[in-house]
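Descriptive structure summary
In case you want the letters, here they are:
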Amino acid sequence: MDSLLKEGETEKENSDPGFGTMTECWYANSNPKMAAELEAIRKMRKQMKKAGAKEVYVGNPIAESEFGFPRNFHLKLAATSAFQGHTPAGSKDKSSRGNFKGERAYKAYYTDLVGEDREVWLALFENPDNVTHAEHTTGIMGTYATLLRQRGALDECEAVMEIYREVLVRYERVVRQNFSFDPSTMQCMEALKYKFHLIEYNVNMQRHRFRDNIAVWRTICDYELRTMGVQGLGYTQQLLMVTVALQQMPTPEVLRAISDEEVMSIIMLPVVEAGGVEALFKSVDEEMGGNKAKLNICPGCGKQEDVIGVFKSCANCRVAKYCSRACQKSDWSVHKRACRKKGATKQKA
């Protein structure tokens, strides 16, 4: 089937008086049971635009299972659009937060994934024709989980990791069972699986579940060692730790011979050097731009954003973020001195 919206196309260019494309019309005639779903796709094109998805190649979902078609597929499209770098609809955040600015779209998609249509979504990802949607979804959930972890919202992060794992399991099964996919599809799946294990590893560390990381550490190192030469990478932090802790080069033979207690010593080495888990992750997350995950607090009333990018910036200094114009006005007597100073500095620069 044709894509919902191809790169460079607009809503108007990609729609017809009928189902939208000749391919869709043919498919509906050859499979009448899909006609209602194709009609829903037309509506999704409009919903996608309202939700903030902009000219992004996503592909039509194929629903051949007993569960049918996700009612809110447009939420996936909006999340994909934000994940691929488009500014989400309704976002007031102009800072360099990368795809973290899509938090509102990710949260809406996650909520639907674990809601009433959970089985519908999971069945969708079982279909090889929907491998692109499974790929997008694992990437989106990985970004959302990373954002929550860096923010310190570990309960919410682990809840996201549950559905992330379920989608990933289906995604991996589909890719491994279908030999028609090109090698890049397998590489992409393995890279997204690796990202899942990195997040899992970090959450376990922050939760002080150190022994749970023994198996995770071995999985991470296995992937890094296999792909290091292929991707032109040098030794990663985990592999370097083998050299530092054991004074041995990290070869497959060495990794197989390492005992669980030796793995534990490697896992704990950066924790000891940093002076504790909290100090370690404060340093690491700051290096990786962890402040990008922080939610703004309104100086006027103390209210915190629900998701990134809801509050508006002061037009002069672009630093203070307010939940409403009323709060900005009420805080002006406090904010004006710092605001004028920052605004003047900004103009000089």
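Residues numbered from 1 in each chain as written. Predicted model: local features only at pLDDT ≥ 70, side-chain atom pairs only at ≥ 80, totals over all residues. Heavy atoms only, no water.

1. A word on unusual backbone geometry
You will see that His208, though not glycine, has its phi angle at about 65 degrees, which is positive. Along the polypeptide, His208 turns up in the loop between α8 (183-206) and α9 (213-227). Under the relative-accessibility criterion, His208 is labelled partly exposed at 43%. At Gln247, a position not held by glycine, the phi torsion is positive, near 55 degrees. Mapped onto the secondary structure, Gln247 falls in the loop between α10 (237-246) and α11 (252-257). (Helix = DSSP H or I, 4+ residues; strand = E, 2+ residues; numbered from the N terminus. Buried < 20%, exposed > 50% of the residue type's maximum accessible area, 1.4 Å probe, protein only.)

2. Quick notes on helix α12 (residues 260-274)
Given a rise of 1.5 Å per residue, 15 residues ought to cover 21 Å, and the 22 Å separating the end C-alpha atoms of α12 matches this to within 8%. At Met268, α12 shows its maximal kink, close to 35 degrees; a proline, Pro270, follows between one and four residues later. For α12, every residue scored as buried is listed here: Val263, Met264, Ile266, Ile267, Pro270 and Val271. At the C-terminal side of α12, Gly275 shows a positive phi close to 90 degrees. (Expected span 1.5 Å × (residues − 1). Bend = angle between axes of the 7 residues up to and from the residue.)

3. Examining the nonpolar core
Formed by 42 residues in total, the largest nonpolar core has its most connected members in Tyr109, Phe125, Met141 and Tyr171. The biggest single contributor to this core is helix α7 (residues 154-177), with nine residues. Setting aside residues no more than four positions away along its own chain, Tyr109 makes contact with Leu75, Lys76, Ala79, Trp121, Phe125, Thr137, Ile140 and Met141. Core analysis: the next-biggest nonpolar cluster, separate from the first, contains 27 residues, Tyr201, Ile214, Ile220 and Leu225 among them. (Core = buried A, V, L, I, M, F, W, Y, C linked by side-chain atoms within 4.5 Å. Contact = heavy atoms within 4.5 Å.)

4. Here's the deal with the confidence of the model for the protein chain
On average, residues of the protein chain carry a pLDDT of 77, and 70% of them reach 70 or more. By mean pLDDT, the top-scoring element of the protein chain is α7 (97), and the lowest-scoring one is helix α1 (residues 22-30) (37). The low-confidence segment residues 1-34, where pLDDT is below 50, has 73 contacts with residues more than four positions distant or belonging to other chains. Confidence over residues 344-349 falls short of pLDDT 50; this stretch has two contacts with residues more than four positions distant or in other chains. (pLDDT = per-residue confidence, 0-100.)

5. Observations regarding the packing of aromatic side chains
For the structure on display, the rule yields six aromatic pairs. Residues Phe73 and Trp121 carry aromatic rings whose centres are separated by 5.9 Å and whose planes lie at 20 degrees to one another, so their mutual orientation is stacked. Residue Phe73 is found in helix α3 (residues 73-83), and its partner Trp121 is found in helix α5 (residues 118-124); the two are separated by 48 residues along the sequence. As far as burial versus exposure is concerned, Phe73 and Trp121 are alike and both buried. Between the aromatic rings of Tyr194 and Tyr223, the centroid separation amounts to 4.4 Å while the plane-to-plane angle is 25 degrees, which identifies the pairing as stacked. (Phe/Tyr/Trp six-rings, centres within 6.5 Å; stacked < 30°, edge-to-face > 60°.)

6. As for the packing of α8 against α9
Interaxial distance between α8 and α9 falls to 10 Å at its minimum, and their mutual angle equals 145 degrees. Along this stretch, α8 crosses α9, giving a crossing that reads as left-handed. For the pair formed by α8 and α9, the contact residues are Glu190, Ala191, Tyr194, His197, Leu198, Glu200, Tyr201, Asn204 and Met205 on the first element and Asn213, Val216, Trp217, Thr219, Ile220, Tyr223, Glu224 and Arg226 on the second. Partitioning the contact of α8 with α9 into residue classes produces nine nonpolar, four polar and four charged. (Axes fitted to C-alpha atoms, helices over the stretch in contact; angles between N-to-C directions. Left-handed = near helix turned anticlockwise from the far one by under 90°. Nonpolar A, V, L, I, M, F, W, Y, C, P; charged D, E, K, R; others polar.)

7. Looking at the environment of Val242
Positionally, Val242 belongs in helix α10. Spatially, the C-alpha atom of Val242 lies 9.4 Å from that of Ile258, the residues being 16 residues apart in sequence. The residues contacting Val242, other than those within four sequence positions of it, are Trp217, Gln247, Gln248, Pro250, Val254, Leu255, Ile258 and Ile266.

8. Quick word on the side chain of Thr227
Mapped onto the secondary structure, Thr227 falls in helix α9. With a relative accessible area of 9%, Thr227 lands in the buried category. Of note is the side chain of Thr227, whose polar atom sits 2.8 Å from the backbone oxygen of Tyr223. (Polar contact = N/O pair within 3.5 Å; in protein donor to acceptor, adjacent residues only side chain to side chain.)

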